[in-house]
Amino acid sequence: MDEAMNIKYWEFEDAPIKERIKKPRIKDIANVLFENELEAYRFSKLMVEVKKSKKLRLNEVRFLPKTTAKRYLDYAVQIGLLKHEDMGYELTDRFSKPLKNLALYIKAWSESDSEEDLDLEFPTVRKQ
């Protein structure tokens, strides 16, 4: 689960998203987050359980070992899809605003004329 996000930007541009948003699926979200199909399935199954139960407690998970379920649920908390309060996991929306801000930041960077000295920005990286 340490992989980079698998964002295929063309799938989320204006025209395609208008059709996809009519029938949203957790599979599409999981495929952005995971390249491995088993990981995407496990994550999707847990997210559906959270959605159904409104608040999922770790001891309610029966289809995965508790440690595996906790790892996926904590990942969802880390990226802002879930919140973990009162011993349970609940859906939240801390994801969309930061992602929008990241897109704005990337756009601002690509349009800026400032020079960057990467040797100063990354002083500890091995360069050879």
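Notes on the structure follow. Keep in mind it's a predicted model, so treat the numbers as computed, not measured. (Residues numbered from 1 in each chain as written. Predicted model: local features only at pLDDT ≥ 70, side-chain atom pairs only at ≥ 80, totals over all residues. Heavy atoms only, no water.)

**Describing the overall build of the chain**
Phase 1 of the analysis: When helices and strands are counted, the chain shows six helices and two strands.
Phase 2 of the analysis: Taken from the N to the C terminus, the helices and strands of the chain come in the order α-α-α-α-β-β-α-α.
Phase 3 of the analysis: Here the C-alpha radius of gyration of the chain, 18 Å, is well above what a compact globule of 128 residues would show, namely 14 Å.
Phase 4 of the analysis: Its C-alpha atoms put the chain at 55 × 40 × 30 Å along the principal axes. (Helix = DSSP H or I, 4+ residues; strand = E, 2+ residues; numbered from the N terminus. Rg over C-alpha atoms; globule rule 2.2 N^0.38 Å.)

**Section: helix α3 (residues 37-53)**
Phase 1 of the analysis: Taking 1.5 Å per residue as the helical rise, α3 with its 17 residues ought to reach 24 Å, and the 24 Å between its terminal C-alpha atoms agrees with that figure.
Phase 2 of the analysis: Those residues of α3 lying buried are E39, A40, F43, S44, L46, M47 and V50. The buried side chains of α3 occupy one side of the element, clustering within an arc of 165 degrees when seen end-on. Structural note: α3 exposes E37, Y41 and K52 on the side pointing more than 90 degrees away from its buried face.
Phase 3 of the analysis: Buried-residue contacts for α3 involve α2 (26-33), α4 (66-79), β1 (82-85) and β2 (88-91).
Phase 4 of the analysis: Directly beyond the C-terminal end of α3, a positive phi value near 70 degrees is found at K54. (Expected span 1.5 Å × (residues − 1). Buried < 20%, exposed > 50% of the residue type's maximum accessible area, 1.4 Å probe, protein only. Arc of directions from axis to C-beta. Contact = heavy atoms within 4.5 Å.)

**With respect to the pattern of salt bridges**
Phase 1 of the analysis: Summed over the entire model, instances satisfying the criterion amount to six salt bridges.
Phase 2 of the analysis: In the salt-bridge network here, residues are joined through shared partners; they are K55, D86 and E90. (Salt bridge = Lys/Arg side-chain N within 4 Å of Asp/Glu carboxyl O.)

**So, the packing of aromatic side chains**
When we look at a pair of aromatic rings, we describe it by the centre distance and by the angle of the planes.
Phase 1 of the analysis: According to the stated counting rule, one finds four aromatic pairs in the structure shown.
Phase 2 of the analysis: Here the aromatic rings of F34 and F43 are separated by 5.2 Å at their centres, their planes lie at 55 degrees, and the arrangement is tilted. With respect to burial, F34 and F43 carry one shared label: buried.
Phase 3 of the analysis: Its guanidinium or amino end placed over the ring of F63, K45 lies 5.0 Å from that ring's centre, counting from NZ or CZ. (Phe/Tyr/Trp six-rings, centres within 6.5 Å; stacked < 30°, edge-to-face > 60°. Lys NZ or Arg CZ within 6 Å of the ring centre and 35° of its normal.)

**Description of the pairing of β1**
Phase 1 of the analysis: Here four bridges tie β1 to β2, and the two strands are oriented antiparallel to one another. Across the sheet, L82 pairs through a bridge with L91, a residue of β2.
Phase 2 of the analysis: Connecting β1 to the antiparallel partner β2 that follows it, the hairpin turn spans two residues, and D86 within it adopts a positive phi of roughly 50 degrees. (Pairing = 2+ DSSP bridges.)

**A look at the environment of S44**
Phase 1 of the analysis: Structurally, S44 can be placed in helix α3.
Phase 2 of the analysis: In this structure, the C-alpha to C-alpha distance between S44 and Y72, residues 28 residues apart in sequence, is 9.6 Å.
Phase 3 of the analysis: Every residue in contact with S44, bar those within four places of it in the chain, is listed here: I26, K27 and A30.

**Overview of a negative patch on the surface**
Phase 1 of the analysis: Taken together, the side chains of D113, E115, E116, D117 and E121 define an acidic patch exposed on the protein surface.
Phase 2 of the analysis: Looking at the secondary structure, you find E116 in the loop between α5 (96-111) and α6 (118-121).
Phase 3 of the analysis: The exposure class assigned to E116 is partly exposed, which follows from its relative accessible area of 44%. (Patch = residues over 30% accessible without salt bridge, like charges linked within 9 Å, V, L, I, M, F, W, Y side chains within 5 Å. Areas by Shrake-Rupley, 256 points an atom, 1.4 Å probe, with all protein chains shown as cover. Lys, Arg positive; Asp, Glu negative; His and termini not counted. Charge placed at Lys NZ, Arg CZ, Asp CG, Glu CD.)

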